[in-house]
Amino acid sequence: MKKPFFQTRLAFTLTPRCNLHCRHCLADASPAWSSNAALELDMPLRDLQRWIDEVASSQKVHTISFTGGEPFLVYDNLVDGVSRAAQRGLATTVLTNAYWASSIKRARAYLSPLQALGTLKISTDEFHQEFVPLAWVKNATQAATELGIQVRIKFCYLENQEGKLAALERQLGNLISNEQINAEPVYRLGRAIRELKADQFVKGDLDQPCAVANVPIVQPDGSVYACCGPTFDGQNPLLLGNLGRRSLPEVLDASETNVILHFLRLWGPFRLWKLLCSEYSDSLKSLKLDTTSMCSLCSGLMTNHVTKMLLVKKAQDPSLTRQTAVQRLLLLQEATMLARLNANNVLRFEGGASPII
Amino acid sequence: MSERAAFEGLKAVVERMVTDDEFKKAILENPEEALSAGGYEVSAEELFALKNLKAEDLEGLTPELIDERLSKSAGIYQLTIYEDNIKS
């Protein structure tokens, strides 16, 4: 197995706005966010430029993903960001719904200024196709390929939908290979909780380490979270910091000693939940968390006020801290946390800037 | 030394520590000497971390623990690895 390099990729949410209202959207993005007032929620260009420069100077991150919402809604900023990142030697990806590719001519026009882009990742599935026909995805795929931009398809599925993936593979077969289609289950998060029935979701293996937390995400307001999951509710252990107070390299560096983050990377949310239950059974006996998937469970742990408080407490446990640092060294071959543990004698919780209660 | 070379050096050290008690003892007693004798190359930070390992840290380090961790992560890391193979 190759080493899952920690924080070598980083994502920017250019805007929380989206032109679509997909039933499964874990970010709950929507055209309702497209009022004039909502425009103020976009990532300011000057901040994006500064943060890209900081990323490039850190020598740690090698790939930047631009996401949203729908990042093509802030097209000028997207073009600027991709160009700036590429000029500084960073690889780039953009995740889009391809609404802008209603013809091959339009697709070429939108993508031509983005020739520095490494990978165009297009979301398409039964939910996106309620708004964006597959023909537009094909236009975007063809135009990107002509320009030398790699294409990936992100396909989300519910229980018993293997046939839909096979159909998509057939429909796109003359444009891309099956290996370029990344299929992942719909997570029971965000709007999907309200719009879909519980038994429609794929029940995943809960007891797994989290790979998503290798990729931090910067929100438009400068908040940096450890992953793209919907835990953007302010203070929780996966809030790594805010770029209004510290630089991006400083925030990423501080996260090297975030006990909860690295426990999740080593063993996943299920074992974290078990750990809490074993130590605080009285506090948690009446609490029911959604166990549809790892992400659902993790979201529950990070947003419930009781579990958040217990996680902060646990993160300050010297025994768990040392155990996590040692296991990072031995199982992930990551030495920084243990080296710092010994240099500083004790690690402190490096989550949000203020107490999480 | 490149990041990749450092990773493979430390990985090889850990793999040997799991199966070779003498080597594990040697690492705990004098990591610099043990690494040198075994021809292993690690970064300064990795050496610093190894120097501060305690015997009790390694009590739970078994082939089973490593196998369990690797088997659970094998599938879930595929996507991350795949996406890293993009052009710059």
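Residues numbered from 1 in each chain as written. Chains lettered and ligands numbered in written order. Predicted model: local features only at pLDDT ≥ 70, side-chain atom pairs only at ≥ 80, totals over all residues.

Q: Would you mind going over the overall build of chain A in detail, with residue names and values included?
A: Helices and strands together make up the secondary structure of chain A, namely 15 helices and 9 strands. Computed over C-alpha atoms, the radius of gyration of chain A comes to 21 Å, within 12% of the 21 Å expected from 2.2 N^0.38 for 357 residues, which places it in the range of a compact globule. Judged by the C-alpha coordinates and their principal axes, chain A covers about 60 × 45 × 45 Å. Going through the 357 residues of chain A one by one, you find that 48% of them count as buried. Partitioning the contacts of chain A with sequence separation of at least 6, the portion at a separation of at least 24 is 74%. (Helix = DSSP H or I, 4+ residues; strand = E, 2+ residues; numbered from the N terminus. Rg over C-alpha atoms; globule rule 2.2 N^0.38 Å. Buried ≥ 20, exposed ≤ 12 C-beta atoms within 10 Å, placed from the backbone. Contact = placed C-beta atoms within 7 Å.)

Q: Run through the overall build of chain B, naming residues and quoting values.
A: Within chain B, the regular secondary structure consists of 6 helices and 0 strands. Each helix and strand of chain B, placed in order from N terminus to C terminus, yields the pattern α-α-α-α-α-α. Going through the 88 residues of chain B one by one, you find that 19% of them count as buried. Put simply, 62% of the contacts in chain B that link residues at least 6 apart link residues at least 24 apart.

Q: So, the sheet that holds strand S3 (residues 91-96) of chain A: which residues are in play, and what are the values?
A: Each strand in a sheet pairs with another by means of backbone hydrogen bonds, the pair being arranged parallel or else antiparallel. Residues and elements named next belong to chain A. Spatially, 9 strands are ordered S6-S5-S4-S3-S2-S1-S7-S8-S9 in an open sheet, and the strand pairing comes out mixed. Of all strands in the sheet, those with a lone pairing partner are strand S6 (181-185) and strand S9 (239-242), marking the two edges. The pairing of strand S1 (residues 9-13) with strand S7 (residues 217-218) spans 2 bridges and is parallel. From the neighbouring strand, Ala11 faces S7, where its bridge partner is Ile217. Where helix H5 (residues 134-146) meets the sheet, its contacts fall on strand S4 (119-123) and strand S5 (150-157), and the angle it forms with S4 comes to roughly 175 degrees. (Pairing = 2+ DSSP bridges. Axes fitted to C-alpha atoms, helices over the stretch in contact; angles between N-to-C directions.)

Q: Any details on the packing of helix H4 (residues 104-111) of chain A against H5 of chain A? Residues and values, ideally.
A: Residue and element names in this part refer to chain A. In the contact formed by H4 and H5, the axes pass within 8 Å of each other and the chain directions differ by 50 degrees. Comparing their axes, H5 and H4 come out oblique. Like other packed secondary-structure pairs, H4 and H5 cross with a definite hand, here right-handed. The residues of H5 that touch H4, namely those facing Ile104, Ala107, Arg108 and Leu111, are Asn139, Ala140, Gln142, Ala143 and Ala144. Considered class by class, the residues forming the contact of H4 with H5 number 6 nonpolar, 2 polar and 1 charged. (Parallel < 35°, antiparallel > 145°, perpendicular 65-115°, else oblique. Left-handed = near helix turned anticlockwise from the far one by under 90°. Nonpolar A, V, L, I, M, F, W, Y, C, P; charged D, E, K, R; others polar.)

Q: Lay out the environment of Ala86 of chain A with the relevant residues and their values.
A: All names here are of chain A. With respect to the helices and strands, Ala86 occurs in helix H3 (residues 75-87). Sequence separation between Ala86 and Thr63 is 23 residues, and the spatial gap between their C-alpha atoms is 9.6 Å. Filtering out sequence-adjacent residues up to four positions away, Ala86 remains in contact with Thr92 and Ala116.

Q: Which residues make up the domain arrangement of chain A, and what values go with them?
A: Residues and elements named next belong to chain A. The assigned domain composition of chain A is domain 1 (9-202) and domain 2 (256-344). Summarising the inter-unit geometry, the C-alpha centres of domain 1 and domain 2 are found 31 Å apart. For the side of domain 1 that touches domain 2, a count of residues per class yields 4 nonpolar, no polar and 1 charged. (Domains from an automatic or database assignment.)

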